[in-house]
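Notes for the structure review
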Amino acid sequence: RVEHPAGGYKKLFETVEELSSPVTAHVTGWIPTWLRGSLLRCGPGLFEVGAEPFYHLFDGQALLHKFDFKEGHVTYHRRFIRTDAYVRAMTEKRIVITEFGTYAYPDPCKNIFSRFFSYFKGVEVTDNALVNIYPVGEDYYACTETNFITKINPDTLETIKQVDLCKYVSVNGATAHPHIENDGTVYNIGNCFGKNFALAYNIIRIPPLQADKEDPMNKSEVVVQFPCSDRFKPSYVHSFGLTSNYIVFVETPVKINLLKFLSSWSLWGANYMDCFESNETMGVWLHVAEKKGRLLNIKYRTSAFNLFHHINTYEDNGFLIVDLCTWKGFEFVYNYLYLANLRANWDEVKQQAEKAPQPEARRYVLPLNIDKADTGKNLVTLPYTTATATLRSDETIWLEPEVIFSGPRHAFEFPQINYKKYGGKPYMYAYGLGLNHFVPDRLCKLNVKTKETWVWQEPDAYPSEPIFVSNPDALEEDDGVVLSIVISPGTGLKPAYLLILNAKDMSEVARAEVEVNIPVTFHGLFKRA
């Protein structure tokens with residue numbers, strides 16, 4: 001077990017300045033000639049406005065990062081995204097828009113009357129796009145989990161415009177983890193108000209760019225609606241599963257209390273985090289729909305966990321295999337991601353993580369063909385898994401997982417796969433960021449069939465989500481490289497570098513060092529040149 005008594009990880013949560021133009025990175029090792037394009041990533045970069053701090057990991061203002069690869073040379077660039085939240089904070093020199101875990105106090109310059117009237121406008125929802133970037137047609141959008149996404153220029157990192165999803169399709173928000181098919185079709189999921197005011201979850205589909213070159217956003221549509229376990233309290237949804245024919249939605253016990261959400265925050269100084277609560281009795285409900293839009297009337301149930309990231313999902317012989325990064329229990333993991341926790345000294349960081357839900361990568365197997373005659377039996381007949389699905393007399397199907405990775409307070413998280421070729425299909429390898437008591441301190445490759453692991457780790461080095469880039473001539477699933485941004489706060493070292501690993505054995509191929517610190521990034525993509 002690696003320890004971090006020096007607390008170098010605190011550098012992940014330090015404000016930095018944007019760059020006016022790209023800087024050259026210093027390369028050691030040898031960069032494959034076929035690696036041409038840009039690694040684009042998002043994360044917080046401004047952790048306070050003047051004297052006002054942001055409190056939660058998901059509050060800092062969105063910073064867009066880019067590493068460019070061209071003929072063995074590497075440059076690094078970064079710009080703050082010009083969201084409303086950022087621009088207004090810069091203009092007024094205070095936090096203007098309430099973020100995930102930080103309440104924005106009303107304008108001190110306003111008198112009681114104008115405050116009273118602005119109260120009736122309700123909540124101004126944040127557009128702080130710090131979580132991910134994804135393509136729609138020929139455009140690129142940075143996003144968080146609200147209804148606002150931000151169109152950006154992937155070459156210059158300039159902000160183009162804010163887009164409100166509500167104007168195109170019936171959702172109150174959408175996740176930062178859409179699925180993108182090889183033809184460019186985008187699928188996503190969001191909460192919405194369903195029939196007779198009950199809550200529901202809509203799957204939205206944005207078609208690929210057509211010959212008419214019209215913005216595909218204008219052609220977005222809802223393809224299927226999943227019901228909600230509680231008509232007033234939708235579950236928090238962060239990602240979902242997609243195969244060639246099916247959509248899998250995992251409904252967890254982390255709930256959004258809409259009454260709290262809709263009652264005016266401005267009266268009681270609340271933020272988004274204040275609106276979450278846990279349902280301690282429901283466990284987890286899994287739902288399946290055909291991609292064409294028909295809901296399967298099968299009630300899958302299992303015990304409680306938090307879920308942020310699906311690893312992959314695929315079909316096999318009348319079963320759906322659903323691989324997940326879970327956190328055991330119903331308490332919300334985000335309760336442990338306040339900056340004060342993450343910036344604490346190592347002993348305190350460990351103490352906090354002991355109390356938190358424990359991470360485990362799991363495989364669930366969902367039978368699609370149910371025969372009432374099999375009540376009481378395990379329906380899973382696949383030879384290669386120990387996961388079970390038992391048909392109960394109330395017609396629910398109780399699932400028990402196969403554990404594919406587990407270590408005490410060691411998470412396999414921010415999972416990535418060879419998505420273009422193996423997303424939604426049978427696969428062998430996943431790449432993840434290893435969290436040690438929530439501190440990212442290693443990169444891990446996992447064989448989901450044999451459970452074999454390969455690890456890259458260095459003392460006082462704090463990596464980010466690993467992104468797999470396939471060799472264009474690849475014949476095998478893991479023929480390619482893995483990219484990660486690493487910070488190295490130790491003395492005498494350059495503050496950060498882009499790390500390139502051989503995806504086969506996680507050995508170092510090259511690194512490209514920069515002279516500036518790079519704060520935490522969450523998700524991103526590799527855009528081929």
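Along each chain, the written sequence defines residue order, and numbers are assigned to residues from 1. Predicted model: local features are reported for residues with pLDDT of at least 70 only, side-chain atom pairs are reported and counted for 80 or more only, and whole-chain, interface and lining totals are derived from all residues. Side-chain numbers come from the whole structure's heavy atoms, not from hydrogens or water.

The protein has the name Retinoid isomerohydrolase in an unreviewed UniProt entry, where Aptenodytes patagonicus is given as its organism. UniProt positions are given in the numbering used here, feature names are shortened, and annotations may be inferred rather than shown by experiment. If you open the UniProt record of the protein and go to Sequence similarities (unreviewed entry), you find "Belongs to the carotenoid oxygenase family." Regarding the protein, the relevant UniProt record gives this comment under Subcellular location (unreviewed entry): "Cell membrane".

**Re the overall build of the protein**
Looking only at helices and strands, the protein has seven helices and 36 strands in total. The atom set for the radius of gyration is the C-alpha atoms, and the globule formula is 2.2 Å times the number of residues raised to the power 0.38. Relative to its length of 529 residues, the protein is compact, with a C-alpha radius of gyration of 23 Å against a globular reference of 24 Å. Across its three principal directions, the C-alpha atoms of the protein cover 65 × 65 × 60 Å. Three exposure classes are used, based on accessible area relative to the maximum for each residue type with a 1.4 Å probe and protein chains only: buried under 20%, partly exposed in between, and exposed over 50%. A buried classification covers 58% of the 529 residues belonging to the protein. Helical segments are the DSSP runs of H or I of at least four residues, strand segments are the runs of E of at least two, and each set is numbered from the N terminus.

**Focus on the pattern of salt bridges**
Salt bridges, as used here, are contacts in which a Lys or Arg side-chain nitrogen is within 4 Å of a carboxyl oxygen on Asp or Glu. Going through the model one piece at a time under the given rule, you end up with 33 salt bridges. Note that Glu515 is salt-bridged to Lys494, the shortest N-O span being 3.6 Å. On the criterion of sequence distance, the pair formed by Glu515 in the loop between strand S35 (507-514) and strand S36 (524-528) and Lys494 in the loop between strand S33 (480-487) and strand S34 (496-502) is long-range, its members being 21 residues apart. Residue classification places Glu515 among the exposed positions, given a relative accessible area of 61%.

**Things to note about the nonpolar core**
As a rule of thumb, soluble globular proteins bury nonpolar side chains together. In terms of nonpolar packing, the biggest core is built from 105 residues, with Phe67, Phe69 and Leu483 touching the most fellow members. Beyond its immediate sequence surroundings of up to four residues, Phe67 is in contact with Gly37, Ser38, Leu39, Val74, Thr75, Tyr76, Ile485, Leu498, Ala512, Val514 and Ile518. If you look at the next biggest cluster of nonpolar residues, it comprises 41 residues, including Tyr314, Phe405, Phe412 and Leu446. To form a nonpolar core, buried Ala, Val, Leu, Ile, Met, Phe, Trp, Tyr and Cys residues must be joined to one another through side-chain atoms within 4.5 Å. Here a residue-residue contact requires only that any non-hydrogen atoms of the pair lie within 4.5 Å.

**Quick look at the UniProt feature "binding site: Fe cation" (unreviewed entry) in the protein**
According to UniProt, the "binding site: Fe cation" (unreviewed entry) feature falls on His177, His238, His309 and His523. In sequence the annotated residues extend across 347 residues, while in space they remain close, none of their C-alpha pairs exceeding 12.7 Å. Looking at the secondary structure, you find His177 in the loop between strand S11 (159-164) and strand S12 (179-180). If we skip the residues at most four places from it in the chain, His177 touches Asn132, Asn188, His238, Ser239, Phe240, His309 and His523. Note that His523 resides in the loop between S35 and S36. Overall, His523 belongs to the buried group, its relative accessible area being 4%. Excluding its chain neighbours within four sequence positions, the residues that come into contact with His523 are Leu40, Arg41, Cys42, Val131, Asn132, His177, His238, His309, Phe414 and Glu465.

**Considerations on the environment of Gly318**
With respect to the helices and strands, the residue Gly318 is situated in the loop between strand S22 (305-316) and strand S23 (319-328). When its relative accessible area of 26% is taken as the criterion, Gly318 is described as partly exposed. Between the C-alpha atom of Gly318 and that of Leu368, which follows or precedes it by 50 residues, the distance is 5.5 Å. Once you skip the residues sitting within four places of it in the chain, Gly318 turns out to touch Leu366, Pro367, Leu368 and Asn369.

**Some points on helix H1 (residues 84-92)**
All of the buried residues along H1 are Ala85, Tyr86 and Ala89. Buried residues of H1 fall within an arc of 95° about the axis and therefore sit on the same side. Elements in contact with the buried residues of H1: strand S3 (37-46), strand S4 (48-49), strand S6 (61-70) and strand S7 (73-80). Within two residues after H1, Lys93 carries a phi angle of roughly 55°, on the positive side. Starting at the helix axis, one direction is taken to each C-beta atom, and the arc is that of these directions.

**With respect to the pairing of strand S30 (residues 439-447)**
Most of S30 is tucked away, with nine of its nine residues classed as buried. Strands are labelled as partners when DSSP assigns at least two bridges between them. Two elements, S30 and strand S31 (residues 453-456), share four bridges in a ladder whose sense is antiparallel. Residue pairing in the sheet places Leu443 in a bridge with Trp456 of S31. Hairpin geometry of S30 and S31 is characterised by an intervening segment of five residues between the two adjacent antiparallel strands and by a positive phi of about 70° at Lys451.

**Things to note about unusual backbone geometry**
Residue Glu71 is not a glycine yet carries a positive backbone phi of 45°. The topology assignment puts Glu71 in the loop between S6 and S7. Judged by relative accessible area, Glu71 falls into the exposed class, the value being 61%. Positive phi, normally seen in glycine, also occurs at Lys213, with a value near 60°.

**Some points on the packing of aromatic side chains**
Working definition: rings of Phe, Tyr and Trp (its six-membered ring) pair if their centres are within 6.5 Å, and the pair is stacked with planes under 30 degrees apart, edge-to-face with planes over 60 apart, and tilted otherwise. Summed over the entire model, instances satisfying the criterion amount to 30 aromatic pairs. Here the aromatic rings of Tyr9 and Tyr462 are separated by 6.2 Å at their centres, their planes lie at 80°, and the arrangement is edge-to-face. Placement of the pair is Tyr9 in the segment before strand S1 (23-24) and Tyr462 in the loop between S31 and strand S32 (467-470), with a sequence separation of 453 residues. For the pair Tyr9 and Tyr462, one class covers both residues: buried. Judged by centre distance (5.7 Å) and plane angle (70°), the ring pair of Phe100 and Tyr334 falls under edge-to-face. Here Tyr334 lies in the loop between S23 and helix H5 (339-342) and Phe100 lies in the loop between H1 and helix H2 (112-119), a separation of 234 residues in the sequence. Take Phe100 and Tyr334: they sit in the same class, and that class is buried. In our convention, an over-ring charge means Lys NZ or Arg CZ found within 6 Å of a ring centre and within 35 degrees of that ring's normal. Taking NZ or CZ as reference, Arg301 lies 3.7 Å from the ring centre of Trp285, over its face. Lys445 extends its terminal NZ or CZ atom over the ring of Tyr429, reaching a point 4.2 Å from the ring centre.

**Focus on the sheet that holds strand S21 (residues 299-302)**
The strand order across the open sheet formed by six strands is S16-S17-S20-S21-S26-S25, and the pairing between neighbours is mixed. The open sheet has two free edges, formed respectively by strand S16 (241-242) and strand S25 (388-391), since each of these has just one partner strand. Both strand S17 (residues 246-251) and strand S20 (residues 284-290) contribute to a ladder of six bridges, which runs antiparallel. Counterpart to Glu251 in the pairing with S20 is Trp285.

**Observations regarding the sheet that holds S3**
In any sheet, the strands associate via hydrogen bonds between backbone groups, in a parallel or an antiparallel arrangement. Strand order in the open sheet formed by five strands is S1-S7-S6-S3-S36, and the pairing between neighbours is antiparallel. At either end of the open sheet lies a strand with only one pairing partner, and these are S1 and S36. Where S3 lies against S6, nine bridges are found, and the strand directions are antiparallel. By the bridge assignment for S6, Arg41 is matched with His65.

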